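Survey of secondary and tertiary structure
Now for the letters of each chain:
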Amino acid sequence: MPIVALHGHDALRQRLEAAIARGTLPASLLLHGPRGVGKQRIALWLAQRLLCDSPGARPCGTCQHCRFAAELTHPDLHWRFPRPRLKDGDASPDEIRADYADAIAERVAAHGLYEAPGGDEGIFIATVRAVVHDAALSPAMARRKVFVIGDAERMVPQEGSEQAANAFLKLLEEPPENTNIILTTSEPGALLPTIRSRVAAVRVTALPDADVRAFLAEPAVQEQLRKRAVPASTDERLQLAGGAPGNLFAQAAWDDALQRAHRMLDAVTRGTRAERMRVAFVQGSSKARGSFAEALEALAVLLRDRAKDAIQRDDEAAALGAARAVAAVEAAKEQASGNANPQLVTATLLRRLEEALR
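Quick caveat: nothing in here was measured; it's all calculated off a predicted structure.

Reading the values: the criteria
- Residues numbered from 1 in each chain as written.
- Predicted model: local features only at pLDDT ≥ 70, side-chain atom pairs only at ≥ 80, totals over all residues.
- Heavy atoms only, no water.
- Buried < 20%, exposed > 50% of the residue type's maximum accessible area, 1.4 Å probe, protein only.
- Helix = DSSP H or I, 4+ residues; strand = E, 2+ residues; numbered from the N terminus.
- Pairing = 2+ DSSP bridges.
- Expected span 1.5 Å × (residues − 1).
- Arc of directions from axis to C-beta.
- Contact = heavy atoms within 4.5 Å.
- Axes fitted to C-alpha atoms, helices over the stretch in contact; angles between N-to-C directions.
- Salt bridge = Lys/Arg side-chain N within 4 Å of Asp/Glu carboxyl O.

**Re the pairing of strand 4 (residues 179-185)**
Counting buried positions over the seven residues of strand 4 gives seven, a clear majority of the element. Judged by which residues are buried, strand 4 turns out to be covered on both faces: Thr179, Ile181, Leu183 and Thr185 on one side and Asn180, Ile182 and Thr184 on the other are all buried. Note: strand 1 (residues 28-32) against strand 4, five bridges, orientation parallel. Paired with Leu31 across the bridge in strand 4 is Thr184. Bridge count for strand 3 (residues 145-149) against strand 4 is five bridges, and the pairing is parallel. Bridged to Lys145 within strand 4 is Thr179.

Here it is as structure tokens:
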């Protein structure tokens, strides 16, 4: 069963189509934008478009390449995304391919509707090596091969991996003539500057309500949402999505972010200095990698609720303190979007929150 069709992003798709028609589509692309707006789905659509061999409108959806790409079984479409580390040592390219075959099959079974990767998942150096290895091979079936690397900010650097990292940078800068590489990220500032400088960045924006409604009307989407703790009505789902329907499938990640945000807030309001340091130290650890931005967003939500409650109680001082705290979190989010150390960002933030809320 093919994955759910791509809804919306018409203007972006037209831009990409025009670039392909002119022969000016960059070989290495970075799709960036808010979490949950469908960046990886657009990348997979673009891969299907590049693999399609129909002489008419593309992707035609009916040729062998389109069918295999829609079912995510095309041998020249390589989709990579954060996964648990396979083992202590480096896995071979064959082991990496087998692991991703199983992971992609799981996503296909859910019609391409999946939750965000867990905090202990990443794109480890063995996967990077496998990408470089596979890029050097000839296409198996089509005239070209396409690599989609989702959540590219989750690439995990490892000591002693400089050779593989340099090989990947060279691949981005000068991919083989028959190869396209499409990276996606919700945190472009978290990517290494050496990666950002080698790709053409394309912004992906939130969807209008009409496109989100069309997505929600898909039977496969309704089936998957029934398994999750989301509101039943379309209007409530529309509001919860906020132009990013992927948010509806990230409840577990959001619950984890809320727990971390509560721990930060408790450390400020009830904890000792030592407790605040412990909370700061765990931010950005291997088990928390990729969730720091979500924890900050959840913290902002908690503080906004605190401000609303203070206003209802006519407590001007508490409301003003909560507003200052929200501003401090927004500043931390700005820092976190770059390459700032999460522990240092958190330590500074907790100190500012203490000053604002005391």
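**Some points on helix 1 (residues 10-22)**
Counted at 1.5 Å a residue, the expected span for helix 1 with its 13 residues is 18 Å, and the 18 Å between its end C-alpha atoms agrees. Listed as buried for helix 1 are Leu12, Arg13, Leu16, Ala19 and Ile20. Here the buried residues of helix 1 occupy an arc of 125° about the axis, which is enough to place them on one side. For helix 1, the exposed residues lying more than 90 degrees away from the buried face are Ala11, Gln14, Arg15, Ala21 and Arg22. Against strand 1, helix 2 (39-51) and strand 5 (200-203) lie the buried residues of helix 1. Positive backbone phi, at 75°, marks Gly23, one or two positions downstream of helix 1.

**So, the sheet that holds strand 5**
Within a beta sheet, neighbouring strands are joined by backbone hydrogen bonds and run either parallel or antiparallel to one another. Spatially, the five strands line up as an open sheet ordered 2-3-4-1-5, and their pairing is parallel. Two strands close off the open sheet at either side, each with one partner strand: strand 2 (77-80) and strand 5. Shown here is a sheet whose adjacent strand axes are inclined to one another by a mean of 20°, direction ignored. On the sheet, helix 2 packs against strand 1, strand 2, strand 3 and strand 4 and is oriented at approximately 170° with respect to strand 4. Relative to strand 4, helix 6 (residues 162-173) is tilted by about 110°, and along the sheet it contacts strand 1, strand 3 and strand 4.

**Quick word on the environment of Leu320**
Residue placement: Leu320 occurs in helix 14 (residues 316-336). For Leu320, a relative accessible area of 42% puts it in the partly exposed group. Separated by 36 residues in the primary sequence, Leu320 and Ala356 have C-alpha atoms spaced 8.3 Å apart.

**A closer look at the pattern of salt bridges**
With the rule as written, the count across this model stands at 16 salt bridges. Salt-bridge contacts for Arg13 lead to Asp10; the nearest nitrogen and oxygen are separated by 3.5 Å. Of this pair, Arg13 and Asp10 both sit in helix 1, three residues apart, roughly one helical turn. Residue classification places Arg13 among the buried residues on the basis of a relative accessible area of 18%.

So yeah, pure geometry; function would need other evidence.
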